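Architecture at a glance
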Amino acid sequence: MAYFVFIFIVALAAFLLYYALRWVRQLFIEAHVMKHGIGANADIIALKRTNWMDRRSVYCELVLRFRTREGQLVQASVFQFLDSREIVRFAEGNGTTVKYDPQNPQHIILYDRPLILGD
């Protein structure tokens, strides 16, 4: 019996470590894109709600399409907690702005500010 408990604890620790490392990696990617990314106008292709919720918001996947400065058409996703007003604002067919990594345009953050020349 103690062997099964040990195996369960090791499996649970490995699972938690995997998700913690994935979360930290995502934070570094977002910080890099925020600092070094290039702004672009994006079209919202889809808004997919997940089952994760907190008191006033829903964790959603926004599927966005935009063009890089080189003219490459990119479709990428970003996960974000959205409240009811933001769900309406980010509805399918609307537009927004993103910042993307020029080396890997799939790495994006939701910028949602008017693009200013030189931004």
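This section reports on the structure supplied with the text. (Residues numbered from 1 in each chain as written. Predicted model: local features only at pLDDT ≥ 70, side-chain atom pairs only at ≥ 80, totals over all residues. Heavy atoms only, no water.)

**A short note on a nonpolar patch on the surface**
Stated precisely, the cut-off is as follows: Two distance rules govern patches: like charges are joined within 9 Å, and nonpolar side chains (Val, Leu, Ile, Met, Phe, Trp, Tyr) within 5 Å, applied only to residues with over 30% relative accessible area and no salt bridge. In short, Shrake-Rupley with a 1.4 Å probe defines the accessible areas, and a residue's cover is counted only from the protein chains shown. For this document, the term salt bridge refers to a Lys or Arg side-chain nitrogen within 4 Å of an Asp or Glu carboxyl oxygen. Secondary structure follows DSSP: runs of H or I at least 4 residues long count as helices, runs of E at least 2 residues long count as strands, and numbering of each begins at the N terminus.
On the surface, M1, V5, F8, I9, L12, F15, L16, Y18 and Y19 cluster together into a nonpolar patch covering about 1,000 Å² of accessible area. Its place among the elements puts F8 in helix α1 (residues 2-36).

**So, the nonpolar core**
Here is the rule we go by: The term nonpolar core refers to a set of buried residues drawn from Ala, Val, Leu, Ile, Met, Phe, Trp, Tyr and Cys, joined through side-chain atoms within 4.5 Å. Each residue's exposure class comes from its accessible area (1.4 Å probe, protein chains only) as a fraction of the maximum for that residue type: buried when under 20%, exposed when over 50%, partly exposed otherwise. Note on definitions: a residue-residue contact is assigned when non-hydrogen atoms from the two residues lie within 4.5 Å.
L62, L64, F66, V98 and I108 are the most contacted members of the largest nonpolar core, which totals 19 residues. At the level of elements, β1 (38-53), β2 (58-67), β3 (73-82), β4 (95-100) and β5 (108-110) are the ones that each hand at least two residues to this core. Residue contributions to this core peak at five residues, all from β2. In contact with V98, other than residues within four places in its own chain, are I38, G39, A40, A42, L64, F66, I109, L110 and Y111.

**Here's the deal with the packing of aromatic side chains**
Going by this rule: The pairing test for Phe, Tyr and Trp rings, Trp by its six-membered ring, is centres within 6.5 Å, and the orientation test on the planes gives stacked under 30 degrees, edge-to-face over 60, and tilted for anything in between.
Inspection of the entire model under this criterion finds six aromatic pairs. Consider the rings of Y59 and F81, whose centres lie 4.8 Å apart with planes at 55 degrees: the pair is tilted. Within this pair, whereas Y59 is found in strand β2, its partner F81 is found in strand β3, the two being separated by 22 residues in sequence. For F81, a relative accessible area of 41% corresponds to the partly exposed category. Aromatic rings pair up to connect F15, Y18 and Y19 into one cluster.

**Observations concerning the side chain of S57**
Along the chain, S57 turns up in the loop between β1 and β2. Residues within four places of S57 in sequence aside, it is in contact with F81, L82 and D83.

**Considerations on the sheet that holds β1**
Backbone-to-backbone hydrogen bonds join strands into a sheet, with any given pair of strands oriented parallel or antiparallel. Applicable threshold: The criterion for strand pairing is that DSSP finds at least two bridges linking the strands in question. Between N-to-C directions, angles cover 0 to 180 degrees, with each direction set by a line fitted to C-alpha atoms, over the stretch in contact for helices.
Across the sheet, five strands lie side by side as β3-β2-β1-β4-β5; this open sheet has antiparallel pairing. Only two strands of the sheet have a single partner each, and these edge strands are β3 and β5. Within this sheet the neighbouring strands show an average axis-to-axis angle of 40 degrees, counted without direction. Inspection of the sheet shows β1 paired to β2 by eight bridges, in the antiparallel sense. The residue bridging R49 from the neighbouring strand is C60, located in β2. Sitting on the sheet, α1 is in contact with β1, β4 and β5, with an inclination near 75 degrees to β5.

**Comments concerning the pairing of β2**
Among the ten residues in β2, eight count as buried, and that is most of the element. Between the end of β1 and the start of β2, which pair antiparallel, lie four residues. Bridge count between β2 and β3: ten bridges; the pairing is antiparallel. Bridge pairing links V63 to S77 in β3.

This is a description of form; function is not addressed.
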